[in-house]
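# Coordinates in review
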Amino acid sequence: MPEIVHRVETAYVGLSRVVRVDSFAEIADQLPPLISWLQEQGVEPADAPFLRYLTFFEDGRIHVEAGVPVDVPVDVGDTPYSCGALPAGRYVAEVHVGSFEGLADATARALEWGSEQGLAWDRDAAPGQESWGCRLEAYEADPLREPDPSRWRTRVLLRLAQPPQAR
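None of these values were measured; they are calculated from a predicted model.

Once that is clear, we can look at the overall build of the protein chain. Looking only at helices and strands, the protein chain features 3 helices and 10 strands. Secondary structure of the protein chain in N-to-C order comes out as β-β-α-α-β-β-β-β-α-β-β-β-β. Its C-alpha atoms give the protein chain a radius of gyration of 16 Å, within 12% of the compact-globule value 15 Å for 167 residues. Going through the 167 residues of the protein chain one by one, you find that 44% of them count as buried. For the protein chain, restricting intrachain contacts to residue pairs at least 6 apart in sequence, the fraction spanning at least 24 positions comes to 72%.

This is the structure we're talking about:
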């Protein structure tokens, strides 16, 4: 059952790509090298690695960011990585346990629940695209350490529109 959670601003290191569903691995496969690079820098992840969905385009492309939360400043130097911050605020959270194929259904459940509750999302629609302030899948189970997909745990987080004074 989805729930509303409050999240604080969270620093991260990541990189982004515009991909299609059939080329999604181009961004998803960036998480293990990013985690390895951070560990080489002596930086441990502060929380679960994530994929952040920034913009959905009408033609089927998706602008996605792969990221890892960090507790310390990171000098990314001359790498493909950049530093950012996930915004604080209220989020609808839905936990999915199982393979990644079930994540679309988990997201749909969270969106439907939010609509039933009369909640407004932190998203903007423009001709040909829909952009989100923060829409995440946080991977709480590492598939390399937990080979059984039925035990993988992923938290879907969808940021709610913030009151005007909170923006």
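As a further point, take the side chain of Arg135. Within the fold, Arg135 resides in strand 9 (residues 135-139). Here Arg135 sits buried without a salt bridge, and the closest side chain of opposite charge, Glu130, lies 4.3 Å off (N-O distance). For Arg135, the residues in contact, after removing those within four places along its chain, are Leu51, Arg52, Tyr53, Phe56, Thr107, Leu111, Glu130, Leu157 and Leu158.

For the rest of this paragraph, the subject is the pairing of strand 6 (residues 89-97). The pairing of strand 1 (residues 3-7) with strand 6 spans 5 bridges and is classified as antiparallel. Counterpart to Val5 in the pairing with strand 6 is Tyr91. When strand 6 meets strand 10 (residues 153-159), the two strands line up antiparallel, connected through 7 bridges. Within the sheet, the bridge partner assigned to Glu94 lies in strand 10 and is Val156.

This next bit is on the nonpolar core. For soluble globular proteins, the rule of thumb is that nonpolar side chains tend to be buried together. Judged by nonpolar contacts, the single largest core of 32 residues is most densely connected at Val13, Leu38, Leu51, Val64 and Val74. Contributions of two or more residues to this core are made by strand 2 (10-20), helix 2 (31-40), strand 3 (50-57), strand 4 (61-69), helix 3 (103-116) and strand 10. Those residues in contact with Val13 that lie beyond four places of it in its chain are Leu34, Trp37, Leu38, Ala66, Gly67, Val68, Val70, Val74, Val76, Tyr81, Ser82 and Cys83. Counting residues in each nonpolar core, the second largest holds 9 residues, with Tyr12, Leu86, Ala93 and Leu157 among its members.

In this section: the packing of aromatic side chains. Taken as a whole and judged by the stated rule, the model has 7 aromatic pairs. Considering the side-chain rings of Tyr53 and Phe56, the 5.8 Å spacing of their centres and the 5° angle between planes classify their relative orientation as stacked. Every member of this aromatic cluster is reached through a ring pair, and the members are Phe24, Tyr53 and Phe56. The lysine or arginine in question, Arg61, covers the ring of Phe57, its NZ or CZ lying 4.3 Å from the ring centre.

Turning next to the state of the cysteines. Under the defined criterion, the tally for this structure stands at 0 disulfides. Residue Cys83 stays outside any disulfide, its sulfur separated by 16 Å from that of Cys134, the closest cysteine. For Cys83, a relative accessible area of 48% corresponds to the partly exposed category. The class of Cys134 is buried, set by a relative accessible area of 0%.

Below, the discussion takes up the pattern of salt bridges. Side chains carrying opposite charge are able to pair once their charged atoms draw close together. As enumerated under the stated definition, the model contains 8 salt bridges in all. Here Glu140 makes a salt bridge to Arg153, at a shortest N to O gap of 2.6 Å. Placement of Glu140 in the loop between strand 9 and strand 10 and of Arg153 in strand 10 is noted, with a sequence separation of 13 residues between them. Residue class for Glu140 comes out partly exposed when judged on its relative accessible area of 37%. With its nearest N and O atoms 3.9 Å apart, the salt bridge here joins Arg151 to Glu146.

How each quantity is defined
- Residues numbered from 1 in each chain as written.
- Predicted model: local features only at pLDDT ≥ 70, side-chain atom pairs only at ≥ 80, totals over all residues.
- Heavy atoms only, no water.
- Helix = DSSP H or I, 4+ residues; strand = E, 2+ residues; numbered from the N terminus.
- Rg over C-alpha atoms; globule rule 2.2 N^0.38 Å.
- Buried < 20%, exposed > 50% of the residue type's maximum accessible area, 1.4 Å probe, protein only.
- Contact = heavy atoms within 4.5 Å.
- Lys, Arg positive; Asp, Glu negative; His and termini not counted.
- Salt bridge = Lys/Arg side-chain N within 4 Å of Asp/Glu carboxyl O.
- Pairing = 2+ DSSP bridges.
- Core = buried A, V, L, I, M, F, W, Y, C linked by side-chain atoms within 4.5 Å.
- Phe/Tyr/Trp six-rings, centres within 6.5 Å; stacked < 30°, edge-to-face > 60°.
- Lys NZ or Arg CZ within 6 Å of the ring centre and 35° of its normal.
- Disulfide = S-S within 2.5 Å.

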